[in-house]
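# Observations on the three-dimensional arrangement
Here's the letter readout for the chains.
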Amino acid sequence: MDLYCVWLIIFGLTLTSTLRILEWPPLNCTQQDLQCSVQINNCSDDGWIKPRHQAPNGPLWHSGSQQHVFVRRGESGDLLPVMSLSWSLQINGGVINGTSGTEVHVTEEDSNQSICVRYIFHNKIQNMMINWKPWTFSLDRVVVDPENKYSVSIYNLPKPDLGNYRLDKIFTIPGCKDPSIKAAKVCLENGSLWDPQLSWTVSVDGGERLIITVGFNTAEFSDEYQISIQNTQHSQHVTRENRTSLNVTFELDVWQLPPCEMLIVIQPFFIRCKSNCLRHQTKCNYCSYYQRPPTYSRSLIIKALLGLIMAGGFLAYMLQKTSHTDPGSQLLTTPRGELEGVQIQERKRKVLIIYSLDHPLYIEIVLKLCAFLMAKCGIEVVLDLLDSARLGIVGSVQWLDWQREQIVKSSDKILILCSRGVRAKWRAMCDGAETRVILREDVRSPMGDMLTPALSLLVPSFVRSGTFQNYMVAYFEDVCSEEDVPSPFNIIVRYKLMKHFEELFFRLLDKEKHEPGRVNRIEGITEDEYFQCPSGKALREAVEAFHAYQLEHPNWFEDELVKDTDEDVEVEEPSLEHHAIEQPTESPLTIRQSVPECIEDGPSSPINDVTPAERDHAVYSATLHITEGVKGPTSNESKPFPLSAHTHIYVSHPAEQDGSCNSVLVGWYPSVSTLKEGTAV
């Protein structure tokens, strides 16, 4: 069933194939002495099967024409590549006056998508020939894709119950460089005919730096371009902005380039191929642009000598150290400060976390993991709970699709946290269950079930991707199991947290942990060390709390499922480590605050009181900014956000830095309308 589900997602939900029939102007198969009508994609065999002696022979390819591909205008006026077919009835066709029609089947071999066209005769054919020629039929409306293969089968109707009386042929459509279809819009949208006319110039700035200017022509259907100089870390991302040509300038030192020759690469992002479009490149010989090697100043020479001396001393130390140890067991430890320096030089990595709202305690684990990634590891985390304002404006599917597009264009990652909820919802998608799996936290969340649309968007993209480099799968082995991982992700590495967190972090950075002769390590994030910082300790406590809850409640997941009869979800939440402020019984408002210990022990801070209004079913989030030396809040912001009853809203403040304050996550229940400055805690 899992394999069928993957096949359905790849071939049933994707809309990449353009195989179809042009319906305008309408098809007309009527000829002299023959009344005929057309049916498209309604080719049931019901009533069209006859005994062999009552059925006509199969058709023949028309000898006076060739099956070929050309372009014609579609319904919107765009030029489309179409296949033209022509066939005729056999003169010795046996039961010629019993021929009731003819039928064409076209199947795209890559996607297995097929269409059919049936010509139905409304009067009997009296003569085998018309105007001394056999009866001939044609079809020139089949829209195809360049460089694809199509299987064509043609029958005469009715079909015989025995034997194979049909025409079969496989057609390979030429590429966009073929003159017959190069003007088609699809060829323009995938960049096959784009000629950037790439040019470059080099000038010398004071003999030590080269100024390289790259010029190229833009394309109509590509708004973004990535220009890179290979063998260096220099690249620029530019947009077209309705310009027909662009110039990009690089300033590089000569020592940053390979000797004399460098490779300039332009990657376009066309509508159809996106990040997999054909790249254009050219080699640039820059040695003729300066007369002699660059002369370096005395201070630069001194710095270089000092650097060589330090490198030599370090190398001698390493050689002495390795002479007394086993070379196969050497470890290179990267301190946190050096790691942060690497990230500053490159860019801050980002990860989108996909998960299931299994239980309030599991949500706590996810939030603590986000805090650990941001505070300890310096990773930018994208989470629906932390972006509720934008998600409420654009919608869940649009938010997920936009985040996926941003990650596909970069080297960022998508982390899928697997749990019991992920397993249950994936199986419901594969089994085609009419009733979706809904959990109590799905009902409470203002975003609703984010996992099901996320899987519908990400699994097809994951299966079609060639390297899977943007996708990671993990689960907390103390509260989840490997069985929770959906079957399509079994082909990639599945990380156990926190046992394999160090390997997962290297993957986030696109770096290798194991290199020839050494094993790279990072202090403070391994299974035995991660809980030594405040954010890691909070994460371990959250995992232990949920593990203890599972042991005490073996049927916890079944209790979290929402039945069809559950109109009101009222569940007593487990005790979390929160400082809760409960309003009087008559008020529908509950405020839950997660306050770090450093705030409890520190000076008092002002907090907003929230007054509910029965007429207003919305949530207002207040952002409070504290400035040293200023009494009271420096800014107060109120934003409405629609929600239903019993809904969590999570608002994130800046992530912790180790040794300082942690992030504050505040949850509201419905009906909050006014804000006023209040007391201190």
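Before going into details, it helps to say that this report is about the structure given with it. Predicted, not measured: the structure shown is a model, and the values here were computed from it.

The number of helices and strands found in the protein is 14 helices and 37 strands. Of all 681 residues assigned to the protein, the portion counted as buried reaches 44%. Residue pairs in contact within the protein that sit at least 24 positions apart in sequence constitute 70% of those at least 6 positions apart. In the form shown here, the protein has an accessible surface area of approximately 36,400 Å², with 51% of it arising from carbon and sulfur atoms.

Right, let's talk about the pattern of salt bridges for a bit. Tallied over the full model, the rule gives 32 salt bridges. With a closest N to O distance of 3.5 Å, Asp-140 and Arg-72 form a salt bridge. In this pair, Asp-140 is assigned in strand E11 (residues 136-143) and Arg-72 in strand E5 (residues 68-73), connecting sequence segments 68 residues apart. Given a relative accessible area of 22%, Arg-72 falls into the partly exposed group. Among the salt bridges present, the one from Arg-494 reaches Glu-482, with a minimum N-O distance of 2.9 Å. Here Arg-494, found in strand E27 (residues 494-497), pairs with Glu-482, found in the loop between strand E26 (471-476) and E27; they are twelve residues apart in sequence, far enough to count as distant. For Arg-494, a relative accessible area of 24% corresponds to the partly exposed category. Overlapping salt bridges bring together Asp-45, Glu-103, Arg-118 and Lys-159 as one network.

Counting 78 residues, the largest nonpolar core has Ile-353, Leu-373, Leu-417, Phe-476 and Phe-501 as the members making the most contacts within it. In terms of residue count, the dominant contributor to this core is helix H5 (residues 360-375) (ten residues). With near-sequence residues (within four places) excluded, Ile-353 lies in contact with Cys-370, Leu-373, Val-381, Val-382, Leu-383, Leu-415 and Leu-417. One finds Phe-121, Ile-125, Tyr-150 and Leu-167 within the second-largest nonpolar core, a separate group that totals 31 residues.

Considering the arrangement of structural elements, one finds Asp-387 in the loop between strand E24 (380-382) and helix H6 (388-394). Exposure remark for Asp-387: the relative accessible area of 17% places this residue in the buried category. Once residues within four sequence positions are removed from consideration, Asp-387 is found in contact with Trp-399 and Gln-403.

If you walk through the whole model with that rule in mind, you get four disulfides. What pairs with Cys-273 in a disulfide is Cys-277, and their sulfur atoms sit 1.8 Å apart. Across the S-S bond of Cys-273 and Cys-277 the torsion is about 95 degrees, and the bridge reads as right-handed. Both residues of the pair, Cys-273 and Cys-277, belong to the buried class. With no disulfide partner, Cys-377 has as its closest neighbouring cysteine sulfur the one in Cys-533, 8.2 Å distant.

It is worth spelling out the packing of aromatic side chains at this point. Each aromatic ring pair is summarised here by two numbers: the centre-to-centre distance and the angle between the ring planes. Scanning all chains against the criterion turns up 16 aromatic pairs. Plain terms: the ring middles of Phe-372 and Tyr-530 are 6.1 Å apart, the flat faces sit at 80 degrees to each other, and that makes the pair edge-to-face. One end of the pair, Phe-372, is in helix H5; the other, Tyr-530, is in the loop between strand E29 (518-522) and helix H12 (534-552), with 158 residues separating them in the sequence. Accessibility expressed as a relative area gives 0% for Phe-372, which makes it buried.

In this model, helix H10 (residues 451-464) (14 residues) spans 20 Å end to end at C-alpha, consistent with the 20 Å of a helix rising 1.5 Å per residue. Looking only at H10, the buried set comprises Leu-451, Thr-452, Pro-453, Ala-454, Leu-455, Leu-458, Val-459, Pro-460, Ser-461 and Phe-462.

Once that is clear, we can look at unusual backbone geometry. Between Trp-24 and the following residue, Pro-25, the backbone shows a cis peptide bond with an omega angle of -5 degrees. Backbone geometry at Asn-41 places phi at a positive 55 degrees, although glycine is not the residue there. For Asn-41, the position within the fold is in the loop between strand E2 (36-40) and strand E3 (49-50). Judged by its relative accessible area of 49%, Asn-41 falls in the partly exposed class. Here Lys-274, not a glycine, exhibits a phi torsion of approximately 50 degrees, which is positive.

In space, the four strands of this open sheet follow the order E18-E17-E20-E21, with antiparallel pairing throughout. Whereas interior strands pair on both sides, the edge strands pair on one side only; in this sheet they are strand E18 (234-239) and strand E21 (280-285). For this sheet the average axis-to-axis angle between neighbouring strands, irrespective of direction, equals 20 degrees. As defined by bridge partners, strand E17 (residues 222-229) adjoins E18 across six bridges and the pair is classed as antiparallel. When the bridges of E18 are listed, Gln-226 appears paired with His-237.

What follows concerns the sheet that holds strand E23 (residues 350-354). Read from one edge to the other, the open sheet built from five strands follows the order E24-E23-E25-E26-E27, with strand pairing classed as parallel. This sheet does not close on itself; its edge strands, each paired only once, are E24 and E27. Direction aside, neighbouring strands of the sheet carry axes that sit 30 degrees apart on average. Sheet strands in contact with helix H7 (residues 396-408) are E23, E24 and strand E25 (413-417), and its direction is about 145 degrees off that of E23.

What follows deals with the packing of helix H8 (residues 420-431) against H10. The N-to-C vectors of H8 and H10 enclose an angle of 65 degrees; their axes lie 10 Å apart at closest approach. Relative to H10, H8 is oriented roughly perpendicular. Crossing geometry of H8 relative to H10 is assigned as right-handed. Of the residues in H10, those in contact with Gly-421, Val-422, Lys-425, Trp-426 and Met-429 of H8 are Leu-451, Thr-452, Leu-455, Ser-456 and Val-459. Looking at side-chain class alone, the contact of H8 with H10 contains six nonpolar, three polar and one charged residues.

The next point concerns a negative patch on the surface. Together, Glu-477, Asp-478, Glu-527 and Asp-528 line one region of the surface with negative charge. Following the sequence through the fold, Asp-528 ends up in the loop between E29 and H12. Residue Asp-528 is classed as exposed on the basis of its relative accessible area, which comes to 59%.

Rules used in this analysis
- Residues numbered from 1 in each chain as written.
- Predicted model: local features only at pLDDT ≥ 70, side-chain atom pairs only at ≥ 80, totals over all residues.
- Heavy atoms only, no water.
- Helix = DSSP H or I, 4+ residues; strand = E, 2+ residues; numbered from the N terminus.
- Buried < 20%, exposed > 50% of the residue type's maximum accessible area, 1.4 Å probe, protein only.
- Contact = heavy atoms within 4.5 Å.
- Areas by Shrake-Rupley, 256 points an atom, 1.4 Å probe, with all protein chains shown as cover.
- Salt bridge = Lys/Arg side-chain N within 4 Å of Asp/Glu carboxyl O.
- Core = buried A, V, L, I, M, F, W, Y, C linked by side-chain atoms within 4.5 Å.
- Disulfide = S-S within 2.5 Å.
- Phe/Tyr/Trp six-rings, centres within 6.5 Å; stacked < 30°, edge-to-face > 60°.
- Expected span 1.5 Å × (residues − 1).
- Pairing = 2+ DSSP bridges.
- Axes fitted to C-alpha atoms, helices over the stretch in contact; angles between N-to-C directions.
- Parallel < 35°, antiparallel > 145°, perpendicular 65-115°, else oblique.
- Left-handed = near helix turned anticlockwise from the far one by under 90°.
- Nonpolar A, V, L, I, M, F, W, Y, C, P; charged D, E, K, R; others polar.
- Patch = residues over 30% accessible without salt bridge, like charges linked within 9 Å, V, L, I, M, F, W, Y side chains within 5 Å.
- Lys, Arg positive; Asp, Glu negative; His and termini not counted.
- Charge placed at Lys NZ, Arg CZ, Asp CG, Glu CD.

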